[in-house]
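Working through the structure, step by step
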Amino acid sequence: MAKISTSRVDKLLSSMGYGSRKELARMAKAGAITLDGAEFLDVTKRIPVTPDLPTRMTIDGEALDPVAGMVILLNKPLGMTCSHKEDGVLVYDLLPDRWKSRSPKISTIGRLDKQTTGLLLLTDDGDLLHRVISPRRHVKKTYRAKLARPLNGTECDLFASGQLMLEGEDKPLAPAELEIVSKTEALLSVVEGRYHQVRRMFAATGNHVEDLHRERLGGLSLPDGMLPGQWKLLGEKDIALIFQ
Ligand code: URA
């Protein structure tokens, strides 16, 4: 049986971004924290940290956020950045503000360019993050690319060859699959995550990607009707789909 850890409530809640230990002591005294329907007054007490805690604890009348180990699926909108090092609005701004203060930190699993839209995962689970981005796992990422010029007919074989060398690199790309949708649109599935990989692959064929949208990661797709900027927490079954 998995061991259940215990934590002081002030330590747990401050690691979830709800405030400093002092603020939490004040909130508890004011009756803002409940556990199993009763006011929880002494935040220095230890409690078991179980995954069902969000169904049992409330803060200011709202269910507690998920405890550590969460995976978020986001439909990334155009123009937002994944990296804190770039300028502009960050994908993290789409999530609740207090999540910026969570520890462990929430990070994107890999990155999408500012001008790329679609399926992006975020997590506070470092092991999962490394498993998804590890080249050894061969998690397939599928992109819909809309191109400035018609495909020239060489792309499928070139991308599948395992011999395409991107400019400035010294190791050829792993084989990738291209499914042609129309003269200027294709679905490209890659197992690596090199810098601007899809755009550079089409650039190597003399083309230019005008729109790029990630549709799938492993066996996981964006849910029907999920609008840009919307997100949801993934359960265990969805997380398992990533590795299918
Ligand atoms: N390839 C790109 O060129 N850009 C992305 O955002 C992802 C893959």
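Residues numbered from 1 in each chain as written. Predicted model: local features only at pLDDT ≥ 70, side-chain atom pairs only at ≥ 80, totals over all residues. Heavy atoms only, no water.

A word on the domain arrangement of the chain
Split into domains, the chain comes out as domain 1 (6-63), domain 2 (71-135 + 223-241) and domain 3 (141-217). Distance from the C-alpha centre of domain 1 to the C-alpha centre of domain 3: 49 Å. (Domains from an automatic or database assignment.)

Brief notes about the sheet that holds strand S2 (residues 33-35)
A sheet is described by the order of its strands in space; here 4 strands give the open sequence S3-S2-S5-S6, paired in antiparallel fashion. Across the chains shown, the open sheet's two edge strands, defined by having one partner strand only, are strand S3 (38-39) and strand S6 (62-63). (Pairing = 2+ DSSP bridges. Helix = DSSP H or I, 4+ residues; strand = E, 2+ residues; numbered from the N terminus.)

Remarks on the side chain of Glu 155
Tracing the backbone through its elements, the reader meets Glu 155 in helix H5 (residues 155-160). Here Glu 155 occupies a buried position and makes no salt bridge, while the nearest side chain of opposite charge, Arg 149, is found at 9.2 Å. A polar atom in the side chain of Glu 155 sits 2.7 Å from the backbone nitrogen of Asn 152. Not counting residues within four places of it along the chain, the set of residues in contact with Glu 155 comprises Leu 178 and Thr 205. (Buried < 20%, exposed > 50% of the residue type's maximum accessible area, 1.4 Å probe, protein only. Lys, Arg positive; Asp, Glu negative; His and termini not counted. Salt bridge = Lys/Arg side-chain N within 4 Å of Asp/Glu carboxyl O. Polar contact = N/O pair within 3.5 Å; in protein donor to acceptor, adjacent residues only side chain to side chain. Contact = heavy atoms within 4.5 Å.)

Some remarks on the packing of aromatic side chains
By the definition in use, this model includes 2 aromatic pairs. Cation over ring: Lys 45 sits above Phe 40, and NZ or CZ is 5.9 Å from the ring centre. Across from the ring centre of Phe 243, 5.5 Å away, lies the NZ or CZ of Arg 137, which sits over that ring. (Phe/Tyr/Trp six-rings, centres within 6.5 Å; stacked < 30°, edge-to-face > 60°. Lys NZ or Arg CZ within 6 Å of the ring centre and 35° of its normal.)

What to know about the site of the ligand
Inspection of the region around the ligand gives Leu 112, Asp 113, Thr 116, Tyr 143, His 196, Gln 197, Val 198, Arg 199 and Leu 212 as its neighbouring residues. Contact distances for the ligand include 3.4 Å between an oxygen atom and a backbone N or O atom of Gln 197. Protein burial of the ligand: of its 240 Å² of free accessible surface, 95% is covered by the chains. Looking at which element gives the most residues to the shell around the ligand, the answer is helix H6 (residues 197-203), with 3 residues. Counted by class, the shell around the ligand contains 4 nonpolar, 3 polar and 2 charged residues. When residues of the shell around the ligand are assigned to domains, at least three map to each of domain 2 (71-135 + 223-241) and domain 3 (141-217). (Near = heavy atom within 4 Å. Areas by Shrake-Rupley, 256 points an atom, 1.4 Å probe, with all protein chains shown as cover. Nonpolar A, V, L, I, M, F, W, Y, C, P; charged D, E, K, R; others polar.)

Here we look at the pattern of salt bridges
Overall, the coordinates contain 15 salt bridges when judged by the stated rule. Between Glu 169 and Arg 194 there is a salt bridge whose closest N-O contact spans 2.3 Å. Of this pair, Glu 169 sits in the loop between H5 and strand S11 (177-182) while Arg 194 sits in the loop between strand S12 (185-190) and H6; the two residues are 25 residues apart in sequence, bridging distant segments of the chain. On the accessibility criterion, Arg 194 (17% relative accessible area) is buried. Taken together, the shared-partner salt bridges in this structure form one network comprising Glu 169, Glu 192, Arg 194 and Arg 200.

Side note on helix H2 (residues 21-29)
If you check which residues of H2 are buried, you get Leu 24, Met 27 and Ala 28. Looking down the long axis of H2, one finds its buried residues gathered within 100° of arc, a one-sided arrangement. In H2, the exposed positions that point more than 90 degrees away from the buried face belong to Lys 22, Arg 26 and Lys 29. Where the residues of H2 are buried, they touch helix H1 (9-15), S2 and strand S5 (57-59). Once H2 finishes, Gly 31 follows within two positions and takes phi at roughly 85°, a positive value. (Arc of directions from axis to C-beta.)

Some points on the environment of Ser 7
Locating Ser 7 in the fold gives a position in strand S1 (residues 6-8). For Ser 7 and Ala 25, which are 18 residues apart along the polypeptide, the C-alpha to C-alpha distance reads 15 Å. For Ser 7, the residues in contact, after removing those within four places along its chain, are Leu 12, Lys 45, Arg 46, Ile 47 and Val 49.

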